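Architecture and fold: a report
Okay, here's what each chain looks like letter by letter:
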Amino acid sequence: MSRVVGVRPLLRASLRQEGRSFVPWILVVTALSVTSILVFPSVFPTLASRQALATTIGANPALSLVFGAPGDLTTAEGFNTWRALALGGFLAALMAIFTVVRASRGQEDSGQAELLASGVMSRSTRLVVAVAMALIASVALGVVCALATWAAGSDPGPAWLLSATFTANGWMFAAVAAVAAQLGSEARTASGLAVAVAGSLFLVRGYLDSVEAAGWTTWLTPQGWMQRTAPSIDDDWWPLLPAVALTAVLLVVAFALQARRDFGQGALAPRPGPAHGAVRSVGALAWRLGRASLVAWTVAFTFLGVVFGSLASSVPDLLAEDSGVAQVLAAGATTPDQLVGEFLVTILSLLGIIAAVSGVQVMLRVRAEELDDRVEPLLAGAVARTRFYAAHVLRALAGPTLAMLVGGTVVALLAGDAGLGVTVGDVLLQAVVIVPAVWTVVGVSVAVVGARPRVTVAAWAGVLVSFALTLLGPTFGLDDWALGISPFWHVPHVTAADVDWSGLGWVSLFTAGFVAIGLAGFRHRDLAR
C-alpha cells in the first residue's frame with residue numbers, strides 16, 4: 001500500500017469546495033496586469049510623457065519600495081512589469097498561504113480533520129492536498145493572467161514570463177505556509193508566521209530597490225529572483241529554477257516536521273492560561289483578545305519606522321543621482337524641500353494604510369468570534385450589544401493609532417537628524433494628522449461588519465482603494481475628484497507654506513458616519529447571519 005492514501009478523492013472534493021475562493025485572487029492579479037497594458041498607451045501616449053513618468057517615479061523612492069525598481073517605462077510591457085511584478089507576486093503568495101493553512105491547520109482547528117482521518121487516509125494526505133491545491137491555484141493564476149494580458153495587446157513572451165513569476169511566488173510561499181502550518185499552535189498563528197515571512201521579504205526587497213543597492217543584492221530574497229527575470233527587457237526564464245528548488249526543499253522540511261508533531265499541536269506550543277480569570281468587563285475582553293496582535297503590530301511598526309526613516313534620510317542622495325529629477329530641479333519646476341515634503345507624506349501615508357490593516361483585522365475577528373458562537377453567550381447576559389461592539393471598535397481604532405505614533409516617532413527621529421530641512425516635530429505632526437484618515441479606512445470595516453456582515457470582503461475596500469489612489473493615482477494623472485475618494489488625499493501637508501486643515505474635519509465626519517452605521521446595524525441584525 002502506498003504511504004499516501006486518499007489524495008485523489010480528497011483533492012477532487014476540496015477543489016470543488018474551495019475552488020471559488022481562488023477566483024478573487026486570480027481576478028485581482030489579472031486585472032493588475034491587463035489594465036497596465038490597456039491604460040498605458042492612452043495615459044502616456046508620447047515619448048515625452050513616458051520620460052516624465054520615469055522622472056516622477058525616480059523622484060519618489062516610496063514607489064520603488066512597493067513596486068520595485070523601474071526598468072523600461074517607454075513600453076506598455078515594461079510599465080506592466082514595474083507595476084505588476086512585485087505586487088502581483090505578493091498577492092499570489094498570500095493566496096497560496098491562506099489556501100495551505102486553511103486546508104491543513106484550519107481543518108484541525110475546526111474538527112474537520114478528525115472526521116476525515118476516520119476514513120481511509122494516510123497521515124500526510126491532508127498536507128499533500130493542501131499543497132496541491134495551492135500549486136494548482138498558482139498555475140491557474142499564471143495561465144489566466146498570461147492569456148488575458150496577451151489578449152489585451154501585450155507581446156506574448158513578456159506576458160507569459162511575468163505570469164510565470166506569479167506562479168513561482170505562489171509555489172514558494174505555499175511551501176513556506178506548509179512549514180508554518182507545522183510550527184504554529186493553531187491556524188491563525190501559522191498564517192501569521194507565513195505572512196510575516198512574506199511581508200518581511202517583500203519589505204527587504206523594496207528597501208534594497210529604493211536605496212538602489214548593488215545588483216547582487218537581488219539574490220538575497222525570492223522576490224529579487226523574480227526581478228532577475230526582467231520581462232520585456234532581458235526575458236530570462238532561468239531565475240525561476242531557484243524558486244522551484246526552494247519550493248522542493250521547504251516541502252521536504254514541512255513533511256518531515258508533520259511526521260513528528262502531534263495532531264492539533266504545533267512545534268510552538270502556546271502558554272497555559274491563568275488558573276483564574278481576571279477579565280471583568282467587555283472592554284477588558286476586547287483588549288485581552290487583541291493583546292498579542294497589538295504587541296506584534298507595535299514591534300512591526302518599530303521596524304517599519306527604522307526602514308522608512310532610513311529611506312527618508314537617503315532621499316537627497318537618491319534624488320541627486322537621478323538625472324531626470326536633476327533636470328526638473330534645475331528648471332525650477334520644484335524645489336528639493338518640496339520633493340522631500342511630498343516624499344515624507346507618501347511614506348507616512350503608506351505607513352497609515354498598513355496600520356489600517358490591523359484595525360480591519362480586529363473587526364473581522366469580531367465577525368469570526370460571532371460565527372464560532374462565542375458572542376451569543378456574552379450577549380445573553382447583561383452585556384448590551386452596543387457596548388460590546390463599541391468596545392471592539394475602540395480597540396480597532398486605538399491599535400492603528402498606537403502603531404502610527406510608534407512608527408511615526410521612529411521616522412521623525414531619523415528624518416529630523418538627516419538634514420532634510422524638516423524638524424522632528426514636523427515629521428511627527430505629519431504622522432499624527434494622518435491618523436484620522438486611518439480611522440476612516442477602519443470605519444469602513446466597522447460599517448460592513450456591523451451592518452452587512454455577509455459581504456465581509458468589502459471590509460477591505462477602504463484599504464484597497466486608499467492604496468491604489470494614494471500610490472498610483474497621481475502617477476496616472478487622475479482628477480482631484482477621483483483622488484479625493486481616498487481619505488489620505490485630504491491629509492494636510494504640515495511642511496507646506498499654506499496648510500489647509502479642513503480635510504481633517506471631512507474625514508472625521510465620514511468616520512463618525514461609518515461607526516454610527518456599524519453600531520446601529522449590529523444592534524438590530526441577527527447574530528451569525
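Residues numbered from 1 in each chain as written. Predicted model: local features only at pLDDT ≥ 70, side-chain atom pairs only at ≥ 80, totals over all residues. Heavy atoms only, no water.

Before going further, it helps to spend a moment on the environment of Leu257. Residue placement: Leu257 occurs in helix α11 (residues 240-260). Distance in space between the C-alpha atoms of Leu257 and Ala267 is 8.5 Å, their sequence separation being ten residues. Excluding residues that lie within four positions of it along the chain, Leu257 makes contacts with Val179, Gln182 and Leu183. (Helix = DSSP H or I, 4+ residues; strand = E, 2+ residues; numbered from the N terminus. Contact = heavy atoms within 4.5 Å.)

For the rest of this paragraph, the subject is the packing of aromatic side chains. Overall, the coordinates contain 13 aromatic pairs when judged by the stated rule. Taken together, a centroid distance of 6.4 Å and an interplanar angle of 45° make the contact between Phe67 and Phe467 tilted. Of the two residues, Phe67 sits in helix α3 (residues 61-67) while Phe467 sits in helix α19 (residues 461-472), which places them 400 residues apart along the sequence. Its relative accessible area of 2% is what places Phe67 among the buried residues. Ring centres 5.9 Å apart and planes at 40° place the aromatic pair Phe79 and Trp82 in the tilted group. Pair noted here: Phe79 and Trp82 are both in helix α4 (residues 76-103), with a separation of three residues, about one helical turn. (Phe/Tyr/Trp six-rings, centres within 6.5 Å; stacked < 30°, edge-to-face > 60°. Buried < 20%, exposed > 50% of the residue type's maximum accessible area, 1.4 Å probe, protein only.)

This brings us to the packing of helix α17 (residues 385-416) against helix α21 (residues 502-524). In contact at an axis separation of 9 Å, α17 and α21 are set at 140° when each is read in the N-to-C sense. Taken as axis vectors, α17 and α21 run oblique relative to one another. Along this stretch, α17 crosses α21, giving a crossing that reads as right-handed. On α21, the residues that touch Arg385, Thr386, Phe388, Tyr389, Ala390 and Val393 of α17 are Val515, Gly518, Leu519, Phe522, Arg523 and His524. Class assignment of the residues belonging to the contact of α17 with α21 gives a composition of seven nonpolar, three polar and two charged. (Axes fitted to C-alpha atoms, helices over the stretch in contact; angles between N-to-C directions. Parallel < 35°, antiparallel > 145°, perpendicular 65-115°, else oblique. Left-handed = near helix turned anticlockwise from the far one by under 90°. Nonpolar A, V, L, I, M, F, W, Y, C, P; charged D, E, K, R; others polar.)

Next up on the list: a nonpolar patch on the surface. Among the surface-exposed residues, Trp216, Trp219, Leu220, Trp238 and Leu241 lie close enough to one another that they form a single nonpolar patch of about 610 Å² accessible area. Structurally, the position occupied by Leu241 is in helix α11. What makes Leu241 exposed here is its relative accessible area of 59%. (Patch = residues over 30% accessible without salt bridge, like charges linked within 9 Å, V, L, I, M, F, W, Y side chains within 5 Å. Areas by Shrake-Rupley, 256 points an atom, 1.4 Å probe, with all protein chains shown as cover. Salt bridge = Lys/Arg side-chain N within 4 Å of Asp/Glu carboxyl O.)

Moving on, we get to unusual backbone geometry. Residues apart from glycine generally show negative phi values, whereas peptide bonds are mostly found in trans. Here the phi dihedral of Ala230 falls at roughly 50°; this positive angle occurs in a residue that is not glycine. Residue position: Ala230 is located in the loop between α10 (222-228) and α11. Judged by its relative accessible area of 12%, Ala230 is buried. Here Ser232, not a glycine, exhibits a phi torsion of approximately 75°, which is positive.

So, about helix α12 (residues 282-313). Three or four residues apart is the spacing at which side chains of an α-helix point the same way, because the helix has 3.6 residues per turn. Look at α12: 44 Å from first C-alpha to last across 32 residues, which is about the 46 Å you get at 1.5 Å a residue. At Arg291, α12 shows its largest bend, some 55°. (Expected span 1.5 Å × (residues − 1). Bend = angle between axes of the 7 residues up to and from the residue.)

Further remarks concern the packing of helix α7 (residues 125-151) against α11. Contact geometry for α7 and α11: axes closest at 11 Å, N-to-C directions at 155°. In terms of orientation, α7 lies roughly antiparallel with respect to α11. Every pair of crossing elements has a handedness; the one defined by α7 and α11 is right-handed. Contacts between α7 and α11 involve Leu127, Val128 and Val131 from the former and Leu251, Ala254, Phe255 and Gln258 from the latter.

It is worth stressing that arrangement in space is one thing and function is another; only the former is reported here.
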